[in-house]
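# Notes for the structure review
Next come the chains, spelled out residue by residue.
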Amino acid sequence: MDNQTIKLEDIIMASHLLKDVVSHTPLQRNSILSNKYNCNVFLKREDLQVVRSFKIRGAYNLMRSLPEEKLLRGVVCASAGNHAQGLAYSCKALEVQGKIFMPTTTPRQKISQVKLFGAAFVEVILIGDTFDDSLREAMLYSEREGMQFVHPFDHLKVMAGQGTVGLELMNDMKDPVDYVFAGIGGGGLAAGVGTYIKAISPSTQVIGVEAAGAPSMRQSMDEGQIVTLAEIDKFVDGTAVRRVGELTYEVCQRVVDDVLVVPEGKVCTTILELYNENAIVAEPAGALTITALEFYREQIAGKNVVCIISGGNNDIDRMQEIKERSLIYEGLKHYFTVQFPQRAGALREFLDEVLGPNDDITRFEYTKKTSKENGPALVGIELKNQEDYAPLIDRMESRGIKYVEINKNPTLFNLLI
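Quick caveat: nothing in here was measured; it's all calculated off a predicted structure. Numbers given to residues run from 1 along each chain, matching the order in which its sequence is written. For a predicted model such as this one, the threshold for reporting local features is a pLDDT of at least 70, and the threshold for listing and counting side-chain atom pairs is 80 or more; totals across whole chains, interfaces and linings nevertheless cover every residue. Calculation of side-chain values draws on the structure's entire complement of heavy atoms; hydrogens and water are dropped beforehand.

### Comments concerning the pattern of salt bridges
Each salt bridge in this description consists of a side-chain nitrogen of Lys or Arg and a carboxyl oxygen of Asp or Glu lying within 4 Å of one another. Applying the stated rule across the entire model yields 27 salt bridges. Here Asp-10 makes a salt bridge to Lys-7, at a shortest N to O gap of 3.9 Å. Buried means the residue's accessible area, taken with a 1.4 Å probe over protein chains only, is under 20% of the maximum for its type, while exposed means over 50%, and partly exposed covers the values in between. For Lys-7, a relative accessible area of 29% translates into the label partly exposed. When the shortest N-O distance is used, the salt bridge between Lys-198 and Asp-257 registers 2.8 Å.

This is the structure:
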């Protein structure tokens, strides 16, 4: 493997190293999505991988390439979850000690899984609010202790390992592949998969997908240089990276045809639909590629499309938030502060005359603890149809009700909801 990029043979070699450790995950045609988008949609099910994500491929490939004396000193990594699980599994399989740095915001389910996969071979260290914070601390620790750092994406061996996802899906497809959608956090998966696909099928379009709250690759490509985002939304935690890799950026520039940015609310809708319609449990990062189909509807019509579901490590505790974000994005959930007139029966009039027949109040509380009648009330209203929103607003306006729509006020929304 040269010092600049990965090649087809590097991915083929990685595949041989991984064959007895990782699962060759299914490639499944999904009839529901195919009918919805008038094309052939195939799902590459990395959510069914041994650690429920593709990350083990890169971690194990890098560790297997290390000389024995380096492995004996142990390894270090930073991760928001899935890379940590891949490294933990690899540590146990190779009987190597590992120190795993994770953000304090990592869902409990992912931390528990890391400890389960690594058993006595790993120690989890929670530090920092974001992946980037953990990455900085892990690299300092690695240097100080002389332990090998296993980067979650910005290493040629890691990219080659992730590229085996592309090797499998192309081998399993009987017909030509027109589009492959891959999520992008640091860029390792897109770089590896894109490298393999472009080497054997240059006409296949490789589309990277990022969440709107952390579009680090999209912005870097737009500006022609790597950009460090000042702030990110950590909701899609598997791809919430402020800065993509130096190596992954260079590779993605060559092998990724487009980087699409999708809203988190739409991702939440996708998670719920995948579960309800297909019994697939996808984490937010794993649902990015399915979300992208809506925005590529015209281009993919009549085509063969592969979406990589990169992971299924979703914490059940997050499902209420996922449902809430979905409803808000779809225009079915609205929050208001309402200043009710100071007279008897005002609240009853609101229920009888302002709410529509299918509208439902899902939250009601006074914003002041004392002298409640003098302060506004926080009111959450769930609609059955998007079209019910405008009549609701009209009824409030016509009755002279003083209100503030919190959905459209980010500061109030983050404070109250």
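Next comes the rest of the account.
### Concerning helix 12 (residues 264–278)
Look at helix 12: 20 Å from first C-alpha to last across 15 residues, which is about the 21 Å you get at 1.5 Å a residue. Think of it this way: any DSSP run of H or I at least four residues long counts as a helix, any run of E at least two long counts as a strand, and we number them from the N terminus. Turning to helix 12, its buried residues number three or more, namely Glu-264, Gly-265, Lys-266, Val-267, Cys-268, Thr-269, Thr-270, Ile-271, Leu-272 and Leu-274. Elements that come into contact with the buried residues of helix 12 comprise strand 8 (205–211), strand 9 (258–262), helix 13 (288–295) and helix 15 (319–329). Helices are assigned an expected span. That span is 1.5 Å times one less than the residue count. Any two residues whose heavy atoms approach within 4.5 Å at even a single point are treated as in contact.

### Re the pairing of strand 10 (residues 304–309)
For strand 10, the tally of buried residues reaches six of six residues, placing the bulk of the element in the interior. Here strand 10 shows no split at all, with Asn-304, Val-306 and Ile-308 on one side and Val-305, Cys-307 and Ile-309 on the other all buried. Between any two strands, pairing holds if DSSP finds at least two bridges. Of the pairings in the sheet, the one linking strand 2 (residues 40–45) to strand 10 comprises six bridges and is parallel in character. Each residue of the ladder has a partner; that of Leu-43, found in strand 10, is Cys-307. As defined by bridge partners, strand 7 (residues 179–183) adjoins strand 10 across three bridges and the pair is classed as parallel. Within the sheet, the bridge partner assigned to Tyr-179 lies in strand 10 and is Val-305.

### Observations regarding the packing of aromatic side chains
Only centres within 6.5 Å qualify two rings of Phe, Tyr or Trp (six-membered ring in Trp) as a pair; their planes then separate them into stacked at under 30 degrees, edge-to-face at over 60, and tilted for everything else. Following the criterion strictly, the structure yields 11 aromatic pairs and no others. Consider the rings of Phe-131 and Phe-153, whose centres lie 6.0 Å apart with planes at 50 degrees: the pair is tilted. With a gap of 22 residues between them, Phe-131 in helix 7 (residues 131–145) and Phe-153 in the loop between strand 6 (148–149) and helix 8 (156–172) connect regions that are remote in the sequence. When its relative accessible area of 6% is taken as the criterion, Phe-131 is described as buried. Taking relative accessible area as the criterion, Phe-153 reaches 5% and is therefore assigned buried. Geometrically, the ring pair formed by Phe-340 and Phe-364 is tilted, given 6.1 Å between the ring centres and 40 degrees between the ring planes. Placement of the pair is Phe-340 in the loop between strand 11 (333–339) and helix 16 (346–354) and Phe-364 in strand 12 (residues 360–366), with a sequence separation of 24 residues.

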